[in-house]
Amino acid sequence: MYESLELLKEEIIGCKKCDLCKTRKNSVPGKGNKNAEVIFVGEAPGRTEDVNGEPFIGSAGKKLTTALENAGLTRDMVYITNIVKCRPPENRKPTEMETKQCQMYLKNEFSLIKPKIVCLLGNTAYKTILGGSEISKNHGKLVQKDGFSYFITFHPAAVIYNQKLVKDFENDIKKIVKLLKEK
Ligand code: URA
Ligand code: SF4
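Here is a short report on the structure shown in this document. (Residues numbered from 1 in each chain as written. Chains lettered and ligands numbered in written order. Predicted model: local features only at pLDDT ≥ 70, side-chain atom pairs only at ≥ 80, totals over all residues. Heavy atoms only, no water.)

Some points on the pairing of strand S3 (residues 79-82)
At step 1: Where burial is concerned, the two faces of S3 agree: the one with Tyr 79 and Thr 81 and the one with Ile 80 and Asn 82 are both buried.
At step 2: Note: strand S1 (residues 31-32) against S3, 2 bridges, orientation antiparallel. Paired with Lys 31 across the two strands is Ile 80, which belongs to S3.
At step 3: Judged from the 4 bridges that link them, strand S2 (residues 38-42) and S3 form a sheet pairing that is parallel. (Buried < 20%, exposed > 50% of the residue type's maximum accessible area, 1.4 Å probe, protein only. Helix = DSSP H or I, 4+ residues; strand = E, 2+ residues; numbered from the N terminus. Pairing = 2+ DSSP bridges.)

Here it is as structure tokens:
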């Protein structure tokens, strides 16, 4: 257990626990408000994130930012992170081993921030944390597990070319705001 997000970040920046450290340019620790009421969890950094060391700043990140703003949130109000903190080569999905090695960092982010809601963005986050599948059937649901409330929605990259999914995604994010007010 780490004492602070700052220490956790330093550890992630120097981490060599899995082979992704050999191909990354930069580790990508989570970023945002240490008192956030909601944490967003994606899959893994992409190219732009790997170059800059910041989560969700490429095209998927823009979709996420827009959905947040439509719901009255800013990126500074929330905390944004990923299942694994280093980019897998060619954006392949992280392996089970990589996910396992990296999981401790995510757990520490949860326990340091103590969010009211953890929003799982897309299948990799949903499967890793809740063992779930079929986002299209389960998006918009809130699931309780191990003392945390998990909200399920699409990955913002999955909605980029689908206007209907964009609406569904944006409505899900608005629903989170509503749920937070009730908590
Ligand atoms: N996709 C993700 O899952 N995470 C990022 O940080 C960027 C793209
Ligand atoms: Fe360490 Fe996670 Fe990066 Fe692997 S993906 S090197 S476990 S920070």
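Description of the site of ligand 1
At step 1: The local shell around ligand 1 consists of Gly 42, Glu 43, Ala 44, Glu 49, Pro 55, Phe 56, Asn 82 and His 155.
At step 2: The side chain of Asn 82 places a nitrogen or oxygen atom 2.7 Å from a nitrogen atom of ligand 1. (Near = heavy atom within 4 Å. Polar contact = N/O pair within 3.5 Å; in protein donor to acceptor, adjacent residues only side chain to side chain.)

Regarding unusual backbone geometry
At step 1: Here Glu 90, not a glycine, exhibits a phi torsion of approximately 55°, which is positive.
At step 2: The exposed category is assigned to Glu 90, whose relative accessible area is 73%.
At step 3: Here Asp 146, not a glycine, exhibits a phi torsion of approximately 50°, which is positive.

Quick word on the site of ligand 2
At step 1: Lining the immediate environment of ligand 2, one finds Cys 15, Lys 17, Cys 18, Leu 20, Cys 21, Arg 24, Lys 85, Cys 86, Gln 101, Cys 102 and Tyr 105.
At step 2: The cavity that encloses ligand 2 is the largest cavity.
At step 3: Mapped by element, the contributors of at least two residues to the shell around ligand 2 are helix H2 (20-23) and helix H5 (96-113).
At step 4: Considering each element in turn, the shell around ligand 2 owes the most residues, 3 residues, to H5.
At step 5: The residue inventory of the shell around ligand 2, partitioned by class, reads 7 nonpolar, 1 polar and 3 charged. (1 Å grid on protein atoms, 1.4 Å probe; cavity = no way out; pocket = protein on both sides within 12 Å on 5 of 7 lines; lining within 4 Å. Sits in = over half its atoms within 2 Å of the grid points. Nonpolar A, V, L, I, M, F, W, Y, C, P; charged D, E, K, R; others polar.)

Quick word on empty space enclosed by the protein
At step 1: What the rule picks out here adds up to 1 cavity of 30 Å³ or more.
At step 2: The volume enclosed by the largest cavity comes to roughly 110 Å³.
At step 3: If you go around the largest cavity, you meet 14 residues; those closest to its centre are Cys 15, Cys 18, Cys 86, Cys 102 and Tyr 105.
At step 4: It is H5 that contributes the most residues to the lining of the largest cavity, 3 residues altogether.
At step 5: Its residues placed into classes, the lining of the largest cavity shows 9 nonpolar, 2 polar and 3 charged. (Points joined across faces, edges and corners; volume = space filled by probe spheres on them.)

Observations concerning helix H6 (residues 123-130)
At step 1: Residues Thr 124, Ala 125, Tyr 126 and Ile 129 constitute the buried set of H6.
At step 2: The inward-facing, buried residues of H6 contact S2, H5, strand S4 (117-121), helix H7 (135-138), strand S5 (142-145) and strand S6 (148-153).
At step 3: The positive-phi residue at the C-terminal boundary of H6 is Gly 131, with phi of around 70°. (Contact = heavy atoms within 4.5 Å.)

Brief notes about the side chain of Ser 27
At step 1: Counting through the fold element by element, Ser 27 comes out in the loop between H2 and S1.
At step 2: For Ser 27, a relative accessible area of 6% gives the class buried.
At step 3: From its side chain, Ser 27 meets the backbone oxygen of Ile 12 in a polar contact 2.9 Å long.
At step 4: Among the polar contacts made by the side chain of Ser 27, one reaches the side chain of Arg 24 at a distance of 3.1 Å.

Topic: the sheet that holds S1
At step 1: The strand order across the open sheet formed by 6 strands is S1-S3-S2-S4-S6-S5, and the pairing between neighbours is mixed. Edge strands, defined here as strands with exactly one partner in the open sheet, are S1 and S5.
At step 2: Across 4 bridges, S4 lies against S6 in parallel orientation. Considered in S6, the bridge of Leu 121 is made with Thr 153.
At step 3: Across the sheet, helix H9 (residues 163-182) is in contact with S2, S4, S5 and S6; its angle to S6 comes to roughly 160°. (Axes fitted to C-alpha atoms, helices over the stretch in contact; angles between N-to-C directions.)

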